[in-house]
Amino acid sequence: MVDDDGKKDEQGDVVEVDANGKAIEVPPNLSKKRKLTSKKLLSMVVDNASVNDAMVRSLKSWLCDKSLILLEGKLFHVRCSAHILNLIVQDGLQVIGGFIFKVRESVKYLKRSGYATQKFNQAKTQLKLKDKKKVKMDCPTRWNSTFLMIKSALEMKEVFWRLSQTDRNYKHHPTNEEWKTAEVISDCLEHFYAATNHFSGSSFPTSNVFFPDICKIKMHLSKWEKSEHEFLRLMAVPMKEKFDKYWDECSLVLVVGVVFDPRFKMQLIEYYFEKLHGSEAYEYIERVHTAMFDLFTEYEDDSSQSEMESNLEFSGSCNDKTVASRDDELSGFDAFVREGSSHIVAKKKSELEQYLEEPLFPRAEPFNVLNWWKINSAKCPTLARMARDILAVPATTVASEAAFSVGGRVIDESRVSMLPETVEALVTTKDWLPSRKRKRSVSQSEEEEVPK
């Protein structure tokens, strides 16, 4: 969520709703901190569990029936980008499954054998690799930890070879061909690792920064399909299939987020879509263009309705003496002014049209997109409301999952009798009361990196 100061809010608030979609109890701090910019729900970010797909379909249908969802739910389902990347790369890593198994077994062997550890350290000293870190065991369900294990193992390639020559009990040394294959794949997966760190960042980046990462990944997958290495072509096929399966249906909200970046607008979308889709790019560009104008119309209609309600309340509270009588001699003049104003409004371009036609903001300058929209909210009030909602959509559930996983470290065997209020304080205090160091890191992260 974006607060009233134009900053992305890291604190989550839970609002309980009844069967009719009305809030039962709104946390006091929520109403004090900010006002909701729309009465409708824009999007929902979930991981890729099949049960979530069924839940999202049911919820989307229910919200559509009650007209409580924007754009008929086209932006509603947002899959966790970090989970998608994990699924994609896990498929690709099967190509070097034998190498990964051998590295894992090697690490296990070093941990349980003091003699092997001694020989391993001696080999490191002889090769002047004393300052190198140890090869750490990975978590099989987290591909980025597997990637780091592979990288560290490649740095110790010669050490493992020497260990195989001096320790007869060491049986899991990878072959030269496996080392070469792992080195090529490791270099290729650098792009995925950088994107995973970007998506999983704890500084809560806005939704406008993820689209270039997605496009670069798809471009690399297309390139690998034509690689000279057969193993890379084999790896690219299942990865690309899974990429298309997940992202083609739920990436619209991240694409729309780019439009609200005044450095790029529609131009960056056109640039990447032409590279990715060639002659079919127009169809994809038009989909985004249509979604933008349809969404703008909905927000504009909501604004008009709110203004009308406010005007009715104001007119009802006015004194009857201040209301012009029906016999007012200038009533015809009022009709003349209204008619002229309607012609002017009809010819005037909308906020969205004017925004898209204006020159792009210089890309070389330090830039904070939320602050830009805060400054320009008087000029483009409807677009500013849209930007406030769209840019706040997270691309991943990693941050929220991490927050809940803290509970497992707080409630251990010696703390099972703590009151719920105490547990809540221990879980949230560290995150909600940032240190000076964290404040500095957050302020630095507000200056977004410009995609290359």
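Residues numbered from 1 in each chain as written. Predicted model: local features only at pLDDT ≥ 70, side-chain atom pairs only at ≥ 80, totals over all residues. Heavy atoms only, no water.

1. Comments concerning the overall build of the protein
Definition in use: Only runs of H or I of at least four residues qualify as helices and only runs of E of at least two qualify as strands under DSSP, and these elements are numbered from the N terminus. Two residues form a contact once any of their heavy atoms are found within 4.5 Å. The Shrake-Rupley method, run with a 1.4 Å probe sphere, supplies the accessible areas, and residue values consider only the shown protein chains as cover.
Per the secondary structure count, the protein includes 20 helices and 4 strands. Considering only contacts in the protein between residues 6 or more positions apart, those separated by 24 or more positions represent 74%. Within the structure as shown, the protein displays about 27,200 Å² of accessible surface, and the carbon and sulfur contribution to it stands at 53%.

2. Brief notes about the nonpolar core
Threshold: Nonpolar cores were defined as sets of buried Ala, Val, Leu, Ile, Met, Phe, Trp, Tyr and Cys residues, with membership established by side-chain atoms within 4.5 Å. Burial status follows relative accessibility: with a 1.4 Å probe on protein chains alone, a residue under 20% of its type maximum counts as buried, one over 50% as exposed, and anything between as partly exposed.
Ranked by size, the top nonpolar core spans 97 residues in total, and within it F192, F260 and W373 carry the most contacts. Broken down by element, the residue count for this core peaks at 9 residues, all from helix α8 (residues 176–199). Filtering out sequence-adjacent residues up to four positions away, W373 remains in contact with F260, P262, Y355, C380, L383, A384, A387 and L391. By size, the runner-up hydrophobic cluster in this structure holds 5 residues, among which are V46, V56, L63 and I69.

3. Focus: the packing of aromatic side chains
What counts is decided by this rule: Pairing of aromatic side chains requires ring centres within 6.5 Å, counting the rings of Phe and Tyr and the six-membered ring of Trp. Pairs whose planes differ by under 30 degrees are stacked, by over 60 edge-to-face, and all others tilted. Only Lys NZ and Arg CZ are tested; either one counts as a charge over a ring when it is within 6 Å of the ring centre and within 35 degrees of the ring normal.
This model, assessed by the stated rule, comprises 18 aromatic pairs. With a centroid separation of 6.4 Å and an interplanar angle of 25°, the aromatic rings of F160 and Y170 are classed as stacked. Separated by 10 residues along the polypeptide, F160 in helix α7 (residues 157–166) and Y170 in the loop between α7 and α8 bring together distant segments of the chain. Overall, Y170 belongs to the buried group, its relative accessible area being 6%. When the ring of F361 is compared with that of F367, the centres are 4.9 Å apart and the planes differ by 45°; the resulting orientation is tilted. Through pairs of rings, three or more aromatic residues link up here, namely F99, Y109, F120, F160, Y170 and W179. Between the NZ or CZ atom of K265 and the centre of the ring of Y355, over which it lies, the distance is 4.4 Å.

4. Observations regarding the confidence of the model for the protein
Our working rule: By definition, pLDDT measures how confident the predictor is in each residue, and it falls between 0 and 100.
Confidence in the prediction of the protein, expressed as mean pLDDT, is 78, and 72% of residues score 70 or more. Confidence over residues 10–37 falls short of pLDDT 50; this stretch has 47 contacts with residues more than four positions distant or in other chains.

5. So, the pattern of salt bridges
Selection rule: One speaks of a salt bridge when a side-chain nitrogen belonging to Lys or Arg is within 4 Å of a carboxyl oxygen belonging to Asp or Glu.
In the structure shown here, the tally under the stated rule is 12 salt bridges. Residues E298 and K40 are paired through a salt bridge, measuring 3.9 Å at the closest nitrogen-oxygen approach. Highlighted residues: E298 in helix α13 (residues 281–317) and K40 in the loop between α1 (28–33) and β3 (44–46), separated in sequence by 258 residues. Owing to a relative accessible area of 27%, K40 belongs among the partly exposed residues under this scheme.

6. As for the environment of I217
Locating I217 in the fold gives a position in helix α9 (residues 211–224). The exposure class of I217 is buried, given its relative accessible area of 1%. Considering only alpha carbons, one finds I217 and K240, 23 residues apart in sequence, at a separation of 9.4 Å. If we ignore the near neighbours within four places in the chain, the residues touching I217 are L85, F192, A195 and F243.

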